[in-house]
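Descriptive structure summary
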Amino acid sequence: MPHHDARIPIDGQVLQGPRSPEPVDVAPPRVWDEGLAAVLPPTSRLLSLYADATWAEGPTWWAAESSLVFSDVIGRRTLAWREDGSIVTVRDRSDFANGNTMDAAGRLVQAEHGRRAISRTDGDGTRVLVDAFEGKPLNSPNDLVVASDGAIWFTDPTYGISDPKEGYPADPALDHTSVYRWTEAEGLRRMIDLDAPNGLAFSRDESVLYVAESRADGLPRIVGCAWNGERLGAPVTVATVDAGIPDGLAVDSRGWLWISSEAGVVIVDDGGRRLGVIPTPHVVSNCTFDADEKRLFITGDSDLWMVELA
């Protein structure tokens, strides 16, 4: 077998020098559950890490570098925040990459609007894994997750071909917006069609796939689809948000969902019971945790924020 270098090359342009997190002038988190109060104490505050992106999205923890990778979709760059507070470029240009995740080998897997593709970056460079379904170009892959068996699951709405700031305008070649599963061995499977599928995440035991349906003039919601290893069940509403649409989401080790919205991060349990909210100055696009769930990283508009957790 050919040897592949899993180390991700870093483009390395320094966009921000070392700096400390800075408090954001916004209301503190609102907590309605004792369990959440133990995780998100009254002293928790939103902290600013970076404020100069064009449209920040797709945060994922990069354990090998103890860094946070995120996208500046409109700026066409993939960036990394380091523990010293500096910001460096990882990929420049990034083909309007949106969602990011790491696979088990430590390679960077991205959902690209520009090439309408899923790509993977390692020491040998960046290559497209999949960019078509049944011979037709995908819409514009948005967010993605790598399951424990190595399968890449991703959503495919039309934002990257309908908004010229987020990709190259085009008419959809497909008459559906879907969630897909891709493996090296089996190729691409269309798992379910949803209304503007956006963020996605598995429950910790991977028995449920959560997906944000984000069409503003439809029914914006988080749905849960049971996964039995072969098929996805019908979508069931798990949660809605109070303002705007749900976008990206993260699931913690307790099974709670941390959901982006126009007014902040909404936290619910796996039954959809509202636990609390972390207000933000403006819209949130996505969020993720570090390896130990001691920090929540939040992207939105030009900003990368952080909340320290207990």
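Right above here is the structure, for reference.
A short tour of the structure in this document, coming up.

Rules of the game
- Residues numbered from 1 in each chain as written.
- Predicted model: local features only at pLDDT ≥ 70, side-chain atom pairs only at ≥ 80, totals over all residues.
- Heavy atoms only, no water.
- Core = buried A, V, L, I, M, F, W, Y, C linked by side-chain atoms within 4.5 Å.
- Buried < 20%, exposed > 50% of the residue type's maximum accessible area, 1.4 Å probe, protein only.
- Helix = DSSP H or I, 4+ residues; strand = E, 2+ residues; numbered from the N terminus.
- Contact = heavy atoms within 4.5 Å.
- Salt bridge = Lys/Arg side-chain N within 4 Å of Asp/Glu carboxyl O.
- 1 Å grid on protein atoms, 1.4 Å probe; cavity = no way out; pocket = protein on both sides within 12 Å on 5 of 7 lines; lining within 4 Å.
- Points joined across faces, edges and corners; volume = space filled by probe spheres on them.
- Nonpolar A, V, L, I, M, F, W, Y, C, P; charged D, E, K, R; others polar.

1. What to know about the nonpolar core
Judged by nonpolar contacts, the single largest core of 20 residues is most densely connected at Trp258, Ile278, Leu296 and Ile298. Every element with two or more residues in this core is listed here: α1 (34-39), β25 (264-268), β26 (274-279), β27 (286-289), β28 (295-300) and β29 (303-308). With residues near it in sequence (within four places) discarded, Ile278 still touches Pro29, Leu40, Leu46, Trp258, Ala263, Gly264, Val265, Ile267, Leu296 and Val307.

2. Considerations on the pattern of salt bridges
The tally for this structure, following the rule as stated, stands at 23 salt bridges. With a shortest N-O distance of 2.8 Å, Arg107 and Asp103 are connected by a salt bridge. The pair Arg107 / Asp103 is uniform in exposure class, with both members buried. As a salt-bridge pair, Arg254 and Asp252 come within 3.3 Å of each other at their nearest N and O atoms. Each of Arg91, Asp95, Glu112 and Arg115 takes part in salt bridges that share partners, so that together they form one network.

3. Regarding the layout of surface pockets
Looking at the largest pocket, its volume works out to about 960 Å³. For the lining of the largest pocket, the elements supplying multiple residues, two or more each, are β5 (56-62), β9 (97-102), β15 (144-146), β19 (197-202), β23 (249-251) and β27. Broken down by element, the lining of the largest pocket gets its largest block of residues, five residues, from β5. Split by residue class, the lining of the largest pocket holds 20 nonpolar, ten polar and six charged. Counted as a void, the second largest pocket has a volume near 320 Å³.

Function cannot be inferred from these measures alone, as they are strictly geometric.
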